[in-house]
Amino acid sequence: MTIALAVALAIGLSTIGPGVGQGIASAKALEGMARQPEMVGTLRTNLILCLAFMESLTIYGLLIAFLLMAKM
């Protein structure tokens, strides 16, 4: 029972933070692209790199959830 709750919390909490962060980062990158169109290439590259790092946090949470599920 407690392991199932831990799995739910691991997946839930590991997706909320990066999801909010990705939304904020995307909004700021689009704002920067609108203000300085000549920087679109650099901003896009940096945004994709940052989104990949944020997404890795979600994948770590999923990995922990799978490890906890194996204990059930």
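Since we're looking at a predicted model, the values are computed, not measured.

### A word on the overall build of the protein chain
Stage number 1. If you tally the helices and strands in the protein chain, you get two helices and zero strands.
Stage number 2. On C-alpha atoms alone, the protein chain measures out to a radius of gyration of 17 Å, which is more than a quarter above the 11 Å that the 2.2 N^0.38 rule sets for 72 residues.
Stage number 3. Taken along the three principal axes of its C-alpha coordinates, the protein chain extends 55 × 15 × 5 Å.
Stage number 4. Burial statistics for the protein chain: of 72 residues in total, 18% are counted as buried.
Stage number 5. Of the contacts made within the protein chain by residues no fewer than 6 positions apart, 76% connect residues no fewer than 24 positions apart.
Stage number 6. Surface summary for the protein chain: the accessible area is close to 5200 Å², and the carbon and sulfur share equals 76%.

### A few points about a nonpolar patch on the surface
Stage number 1. Together, Leu 5, Leu 9, Leu 13, Ile 16, Val 20 and Ile 24 make up a nonpolar patch on the protein surface, roughly 610 Å² of accessible area in all.
Stage number 2. Its place among the elements puts Leu 13 in helix α1 (residues 2-35).

### Some details on α1
Stage number 1. Taking 1.5 Å of rise per residue, the 34 residues of α1 would be expected to cover 50 Å, and the 50 Å separating its terminal C-alpha atoms lies within 8% of that figure.
Stage number 2. Of the positions making up α1, those classed as buried are Val 7, Ala 10, Ser 14, Pro 18, Gln 22, Ala 29, Gly 32 and Met 33.
Stage number 3. On its buried side, α1 packs onto α2 (40-71).

### Looking at α2
Stage number 1. Here α2 is 32 residues long and its end C-alpha atoms lie 47 Å apart, about the 46 Å a rise of 1.5 Å per residue gives.
Stage number 2. Within α2, the full set of buried residues consists of Leu 47, Met 54, Thr 58, Gly 61 and Ala 65.
Stage number 3. For α2, the secondary structure elements touched by its buried residues are α1.

### Overview of the side chain of Thr 58
Stage number 1. Relative to the assigned elements, Thr 58 resides in helix α2.
Stage number 2. A polar contact is formed between the side chain of Thr 58 and the backbone oxygen of Ser 14, at a distance of 3.2 Å.
Stage number 3. Setting aside residues no more than four positions away along its own chain, Thr 58 makes contact with Ser 14, Thr 15 and Pro 18.

Conventions adopted
Residues numbered from 1 in each chain as written. Predicted model: local features only at pLDDT ≥ 70, side-chain atom pairs only at ≥ 80, totals over all residues. Heavy atoms only, no water. Helix = DSSP H or I, 4+ residues; strand = E, 2+ residues; numbered from the N terminus. Rg over C-alpha atoms; globule rule 2.2 N^0.38 Å. Buried < 20%, exposed > 50% of the residue type's maximum accessible area, 1.4 Å probe, protein only. Contact = heavy atoms within 4.5 Å. Areas by Shrake-Rupley, 256 points an atom, 1.4 Å probe, with all protein chains shown as cover. Patch = residues over 30% accessible without salt bridge, like charges linked within 9 Å, V, L, I, M, F, W, Y side chains within 5 Å. Salt bridge = Lys/Arg side-chain N within 4 Å of Asp/Glu carboxyl O. Expected span 1.5 Å × (residues − 1). Polar contact = N/O pair within 3.5 Å; in protein donor to acceptor, adjacent residues only side chain to side chain.

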